[in-house]
Amino acid sequence: MSRTAWSTQDQAPPTDEEERLRELGYQPVLARRMGGFGNFAISFSVISILSGCMTLYGFGLSTGGPAVMMWGWAGVGLFVLCVGLALAEVTSAYPTSGALYYMADKLGGRRWGWYTGWLNLLGLLGAIAGIDYGAALFTGAFLNLRFGFDPTPGSTFVIFLCILLLHATLNLFGVRLVSVLNSISVWWHLAGVAVIVGALAIVPDHHQSPSFVFTEFVNDTGWANPFYVAAIGLLLAQYTFSGYDASAHLSEETSNASVTAARGIVRAIWVSWLAGFVLLAGLTFAIQDYAGVQQSATGVPPAQILLDALGTAGASALLLVVIVAQLFCGNAEVAAASRMVFAFSRDNALPGSSLWRRVSSRTQTPVPAVWLSVAVAALLALPSLYSATAYGAVTAINVIGITPAYAIPIYLRLRAGKRFRPGPWQLGRWSRPIGWTAVCWVAFVTVLFCLPQSSPVTVGSMNYAFVALVVVLVLASVWWYVARRSYSTPAAYGNAREQAEIAEGIV
């Protein structure tokens, strides 16, 4: 009889994860020091409603306004939950740091794995850039409130580089510190949402009506078609709901990962879904002056909402809560991206793989992979020095890079049918309807976020996410013909000697 995941996952016996990793072809070299809560916490921290919702709130005010933000969050969250459920089932079967590309390779072949890996890598590195640049924007807004600091593009970029350096340093201390910080991050986010929403509900004398919050439509994009504008406005929610593959990328460092990594993905999504809706509602009810919020001197619309509703002292205090949450988020994303770089290099997929797969003998952390991740993120954010719309493009790069990478292993699992051997966490009879819903949703949003976000389309307002996607696919195709003989995931159990030779790069 078919059984569903939510009726069987807690009954699944613990798996010998080191032995399972060897069966998948890899010799364990990373420290398995993360528990189930820590694994959930890293995906929850990467999703980070206090990062995604807050940094793209101004974008949402112009692309559909309150109605699209609120109902878009509810709808997108439901579809993303389907993606997460389907991805969790495949993760349970293949709990490796390579995650998405390893799944695609095993279910569809080498080329499927190759292109999935490059898309996943683009999304993860774009996420670091988007998260940490958003934290830099909020830091600039805080400094503006407290000290009259002028958050110019140049000064914001310097703050961004400092944040990247902080996250690289923290990740060099090992996965145990990363796990502790992510666990703190969960409670910081939930308490932060409660404090922000509570203050905005109690302190201001004036609040917007429910009609305004749930039905007010605003179009400042230059496009005339309201359906197009509403569709573009879904980027706020879809960007926030990304990065939950972090649980899969940390699976080689997680106890009983065949169950806990899958469970971590799903829990991170639904907890973020509920808390994010509360946060968006709290902010929108507290808007005092819509146009003033959009044109805020701080450069960050949520900061203006806090300032108008709570005054300078209250706004500054809550901005610090948000900034710390964003720093937690960026730190978790660097951990996830560096594991992807490590795993992809372990299978000889990147230029200079012999360097990027090296692991510290002291902390069992892929040190070069950490530095490469933050360096590429810095390069991705460089256009922000010259274009006001560059940040939106960076967030779209994250979405259109990582979201298709989620769908590919799900599609291949569906195509495999009974040839797919599920792990201990599975969806049972719900696997196919949930899986096809996920694949269709991903196909829709991938096309959607390649489209122009404002009109008229100029060099400054163009959506460069599509260009970035094409460039990465072209480079991946060119590199395929260079590295196709060396790139390979392990074929079967018994590759321990080969993997031990690869691990000679331990430093």
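Residues numbered from 1 in each chain as written. Predicted model: local features only at pLDDT ≥ 70, side-chain atom pairs only at ≥ 80, totals over all residues. Heavy atoms only, no water.

Q: Any chance you could break down the overall build of the chain for me, citing the residues and the numbers?
A: A count of helical and extended segments in the chain gives 23 helices and 2 strands. In terms of overall size, the chain behaves like a compact globule, its C-alpha atoms giving a radius of gyration of 22 Å where 507 residues would be expected to give roughly 23 Å. With the C-alpha coordinates of the chain rotated into their principal frame, the extents come out at 65 × 50 × 40 Å. Scored against the burial criterion, the 507 residues of the chain give a buried share of 61%. Summed over all atoms, the accessible surface of the chain reaches about 18,400 Å², with 66% contributed by carbon and sulfur. Charge separation in the chain, taken as the distance between the mean sites of 27 positive and 23 negative side-chain charges, equals 12 Å. (Helix = DSSP H or I, 4+ residues; strand = E, 2+ residues; numbered from the N terminus. Rg over C-alpha atoms; globule rule 2.2 N^0.38 Å. Buried < 20%, exposed > 50% of the residue type's maximum accessible area, 1.4 Å probe, protein only. Areas by Shrake-Rupley, 256 points an atom, 1.4 Å probe, with all protein chains shown as cover. Lys, Arg positive; Asp, Glu negative; His and termini not counted. Charge placed at Lys NZ, Arg CZ, Asp CG, Glu CD.)

Q: Could you give me a rundown of the nonpolar core, with the residues and numbers involved?
A: Formed by 171 residues in total, the largest nonpolar core has its most connected members in Tyr94, Tyr244, Leu279 and Phe344. With 23 residues, the single largest contributor to this core is helix H17 (residues 301-346). Not counting residues up to four positions away in its chain, the partners in contact with Tyr244 are Ser43, Ile47, Val80, Val83, Gly84, Leu87, Ile265, Ile269 and Tyr406. (Core = buried A, V, L, I, M, F, W, Y, C linked by side-chain atoms within 4.5 Å. Contact = heavy atoms within 4.5 Å.)

Q: Give a description of the side chain of Asn39 that names residues and reports values.
A: Its place among the elements puts Asn39 in helix H3 (residues 36-47). Separated by 3.0 Å, the side chains of Asn39 and Thr254 make a polar contact. Setting aside residues up to four positions removed in sequence, Asn39 forms contacts with Met34, Ser247, Leu250, Thr254, Thr260, Ala261 and Gly264. (Polar contact = N/O pair within 3.5 Å; in protein donor to acceptor, adjacent residues only side chain to side chain.)

Q: For the side chain of Ser242, give the residues involved together with the corresponding values.
A: With respect to the secondary-structure elements, Ser242 resides in the loop between helix H13 (235-240) and helix H14 (246-249). Beyond its immediate chain neighbours, meaning those up to four positions away, Ser242 contacts Val46, Ile47, Asn398, Ile402 and Tyr406.

Q: Talk me through the environment of Glu216; I want residue IDs and the actual numbers.
A: Of note, Glu216 is situated in the loop between helix H11 (210-215) and strand E2 (218-219). Taking the C-alpha atoms as reference points, Glu216 and Gly64, separated by 152 residues in sequence, lie 8.2 Å from one another. Setting aside its immediate chain neighbours within four residues, Glu216 contacts Gly64, Gly65, Pro66, Ala67 and Ser211.

Q: Give me the lowdown on helix H6 (residues 65-93), citing residues and values where you can.
A: In this model, H6 (29 residues) spans 41 Å end to end at C-alpha, consistent with the 42 Å of a helix rising 1.5 Å per residue. A maximum bend of about 30 degrees is found in H6 at Gly72. (Expected span 1.5 Å × (residues − 1). Bend = angle between axes of the 7 residues up to and from the residue.)

Q: How would you sum up the confidence of the model for the chain? Please name residues and give values.
A: Atom-level detail of predicted coordinates should not be read off regions where pLDDT is low. On average, residues of the chain carry a pLDDT of 85, and 91% of them reach 70 or more. Considering only residues more than four positions removed or in separate chains, one finds that residues 492-507, a stretch of pLDDT under 50, has 27 contacts. (pLDDT = per-residue confidence, 0-100.)

Q: Before we move on, can you summarise the environment of Val29 with the specific residues and values?
A: Summarising the element assignment, Val29 is placed in the loop between helix H2 (17-23) and H3. Owing to a relative accessible area of 15%, Val29 belongs among the buried residues under this scheme. As a C-alpha pair, Val29 and Glu18 span 11 residues in sequence and 9.9 Å in three-dimensional space.

Q: Lay out unusual backbone geometry in plain terms, naming residues and giving numbers.
A: Positioned with a positive phi, Ala99 is a non-glycine residue whose angle comes to about 50 degrees. Judged by relative accessible area, which is 0%, Ala99 ranks as buried.

Q: Any chance you could break down the pattern of salt bridges for me, citing the residues and the numbers?
A: Scanning the entire structure with this criterion turns up 5 salt bridges. For Glu252, the salt bridge is made with Arg346, and the minimal N-O distance between the two is 2.8 Å. You can see Glu252 sitting in the loop between H14 and helix H15 (257-285) and its partner Arg346 sitting in helix H17, a full 94 residues away along the chain. Here Glu252 matches Arg346 in class, with each residue buried. (Salt bridge = Lys/Arg side-chain N within 4 Å of Asp/Glu carboxyl O.)

Q: Can you break down a nonpolar patch on the surface residue by residue, with the values?
A: A contiguous nonpolar patch, built from Val457, Met462, Tyr464, Phe466, Val467, Val470, Val471, Val474, Leu475 and Val478 and spanning about 800 Å² of accessible area, is present on the exposed surface. Residue position: Val471 is located in helix H22 (residues 465-483). (Patch = residues over 30% accessible without salt bridge, like charges linked within 9 Å, V, L, I, M, F, W, Y side chains within 5 Å.)

Q: Mind laying out the state of the cysteines, listing which residues take part and the relevant values?
A: Such a bond, covalent and formed between the sulfur atoms of two cysteines, is termed a disulfide. Applying the stated criterion across every chain yields a total of 0 disulfides. In this model Cys53 remains outside any disulfide bridge; the closest cysteine sulfur is found in Cys329, 11 Å from its own. What makes Cys53 buried here is its relative accessible area of 0%. For Cys162, which is in no disulfide, the shortest distance to another cysteine sulfur is to Cys329 and amounts to 19 Å. (Disulfide = S-S within 2.5 Å.)

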